[in-house]
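Structural overview for review
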Amino acid sequence: MNVKAAVVERYGPPEVVSVVDVPDPVAGKGQVLVRVHATTLNSGDARIRGFRLPRGFALPGRLALGLRRPRRAVLGVVYSGVVEAVGPGVGGVAVGDEVCGMTGARMGAHAELVAVRADRLCAKPAGVSHEQAAAILFGGSTARHFLRDLVGPGKRVLVNGASGAVGSAAVQLAHLAGSHVTAVCSDRNADLVRSLGAEEVVDHARHRVAELTGRYDVVLDTVGNLDRRSGRRLLAADGVLVLVAAGLADTVLARGDVRAGVSSEDPENFAWWLERMAAGELRAVVDRTLPLSEIVEAHRIVDSGRKVGNLVLVP
């Protein structure tokens, strides 16, 4: 039997991705097979496809990802769907369960079926759709990984790239915690980020974020146009700089008042967001939903840099 999957044949522009038939994945020991109802295409997927990695990661990236094409030809780390088969050694999960999660380095979610670790998935609440669940997992888990112990009542938080997948989640997270949020984004997205909880909005076309005069307890950069030096200038005493899109040097040297690196794919973070979405306290921001057959167009949208929130794919 075969299933449809979006395969990256080589590094390059969006056109290197095509939807083809591939053999059914099999649930191995400790895994379940999930029929994907929704996934997302994020900036990480697009960077791997085009091999546009953060500063300093080109050589390590080639070694880790593959020399001429990705070793994992099917990209995608986010899934929400229904369990179709259960592998050996798996308990507490049954065929027909609605689940969601992230696949980690194995990727493979841009397909009709994906085999995933049973201990890393999360039950999807009935009150949250597959599209909504998929849309919150990447940005929501990243935002909470970095911010959960930094935000709180009275904290002044600056979110650079506030209308993206991570940024839109970070604005909501900080606002829910009682922080005063300043959002940096394009003017066309100002109303959106205000609706998410931002009290101030800075138009990045008119003001360079590194030259802002405010001082913040937390500065979260999701764009990559701040580094340790420029970001620290924005910090209040005892403030913390979070570089989500850091280059190699800033990642290696991050310590003390600077945080960087890869966020964890913790099912507890997934559950936290899903519970609050089901309760109506938080929401997923979706730019648009496209069928998997339009994967090339989806990559073009992400490459344009104008994606708002999340781009959802439906196999």
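All of these numbers come straight from a predicted model, not from anything done at the bench.

Here we look at the overall build of the protein chain
Each helix and strand in the protein chain was counted, giving nine helices and 15 strands. In terms of overall size, the protein chain behaves like a compact globule, its C-alpha atoms giving a radius of gyration of 19 Å where 315 residues would be expected to give roughly 20 Å. Principal axes of the C-alpha set define a box for the protein chain whose edges measure 60 × 45 × 35 Å. Out of the 315 residues belonging to the protein chain, those deemed buried represent 52%. A separation of at least 24 residues holds for 65% of the contacts in the protein chain among residues at least 6 apart in sequence. Surface accessibility of the protein chain: about 13,800 Å² in total, with carbon and sulfur atoms responsible for 50%. In the protein chain, which carries 38 positive and 33 negative side-chain charges, the distance between the mean positions of the two groups comes to 7 Å.

Focus on the pattern of salt bridges
Scanning the model with the defined rule gives 17 salt bridges in all. The salt bridge partner of Glu 268 is Arg 148, with a shortest N-O separation of 3.4 Å. Of the two residues, Glu 268 is situated in helix 8 (residues 267-278) and Arg 148 in the loop between helix 3 (130-147) and strand 8 (156-160); the sequence distance between them amounts to 120 residues. Its relative accessible area of 42% is what places Arg 148 among the partly exposed residues. We note a salt bridge from Asp 203 to Arg 206, for which the minimum N-O separation is 3.8 Å. Judged by its relative accessible area of 13%, Asp 203 is buried. Where salt bridges share partners, they join Glu 15, Glu 297 and Arg 300 into one cluster.

A look at the sheet that holds strand 13 (residues 258-260)
Spatial ordering of the open sheet is given by 10-9-8-11-12-13, a layout of six strands whose pairing is parallel. At either margin of the open sheet sits one strand with a lone partner, and together these are strand 10 (200-203) and strand 13. Here the strands of the sheet are splayed against their neighbours by 15 degrees on average, with no regard to which way each runs. Sheet topology note: the strand 12 (residues 235-243)/strand 13 ladder contains three bridges and is parallel. By the bridge assignment, Val 242 is partnered in strand 13 with Arg 259. Lying over the sheet, helix 4 (residues 165-176) contacts strand 8, strand 9 (180-185) and strand 11 (216-221), oriented at roughly 170 degrees with respect to strand 8.

Focus on the packing of aromatic side chains
Inspection of every chain in the model, using the stated rule, returns one aromatic pair. Residues Trp 272 and Trp 273 carry aromatic rings whose centres are separated by 5.3 Å and whose planes lie at 80 degrees to one another, so their mutual orientation is edge-to-face. For the pair Trp 272 and Trp 273, a shared accessibility class is recorded, and that class is buried.

Details of the pairing of strand 6 (residues 113-117)
For strand 6, the tally of buried residues reaches four of five residues, placing the bulk of the element in the interior. Relative to strand 6, strand 3 (residues 31-41) runs antiparallel, the two being bridged by five bridges. If you follow Leu 33 over to strand 6, its bridge partner there is Ala 115.

As for the nonpolar core
With 65 residues, the main nonpolar core has Leu 147, Val 159 and Leu 313 as its most contacted residues. When residues of this core are assigned to their parent elements, the largest contribution, eight residues, is made by helix 3.

Describing the side chain of Arg 144
Along the chain, Arg 144 falls in helix 3. The exposure class assigned to Arg 144 is buried, which follows from its relative accessible area of 8%. Side-chain polar atoms of Arg 144 contact the side chain of Glu 268, separated by 2.9 Å. Among the polar contacts listed, one links the side chain of Arg 144 to the side chain of Asn 269, at a separation of 2.7 Å. If near-sequence neighbours (up to four positions away) are discounted, Arg 144 is found in contact with Leu 173, Glu 268, Asn 269, Trp 272 and Trp 273.

A few points about unusual backbone geometry
Positive phi, normally seen in glycine, also occurs at Met 107, with a value near 50 degrees. Note on placement: Met 107 falls in the loop between strand 5 (98-102) and strand 6. Met 107 gets classed as buried once you look at its relative accessible area, which sits at 10%.

Quick word on the side chain of Thr 39
Relative to the elements of secondary structure, Thr 39 occurs in strand 3. On the accessibility criterion, Thr 39 (0% relative accessible area) is buried. In terms of polar contacts, Thr 39 uses its side chain to reach the backbone carbonyl oxygen of Val 78, at 2.5 Å. Ignoring any residue separated from it by four or fewer positions in sequence, one finds Thr 39 in contact with Val 78, Ala 109, His 110, Ala 134, Leu 311, Val 312 and Leu 313.

Definitions and limits used
Residues numbered from 1 in each chain as written. Predicted model: local features only at pLDDT ≥ 70, side-chain atom pairs only at ≥ 80, totals over all residues. Heavy atoms only, no water. Helix = DSSP H or I, 4+ residues; strand = E, 2+ residues; numbered from the N terminus. Rg over C-alpha atoms; globule rule 2.2 N^0.38 Å. Buried < 20%, exposed > 50% of the residue type's maximum accessible area, 1.4 Å probe, protein only. Contact = heavy atoms within 4.5 Å. Areas by Shrake-Rupley, 256 points an atom, 1.4 Å probe, with all protein chains shown as cover. Lys, Arg positive; Asp, Glu negative; His and termini not counted. Charge placed at Lys NZ, Arg CZ, Asp CG, Glu CD. Salt bridge = Lys/Arg side-chain N within 4 Å of Asp/Glu carboxyl O. Pairing = 2+ DSSP bridges. Axes fitted to C-alpha atoms, helices over the stretch in contact; angles between N-to-C directions. Phe/Tyr/Trp six-rings, centres within 6.5 Å; stacked < 30°, edge-to-face > 60°. Core = buried A, V, L, I, M, F, W, Y, C linked by side-chain atoms within 4.5 Å. Polar contact = N/O pair within 3.5 Å; in protein donor to acceptor, adjacent residues only side chain to side chain.

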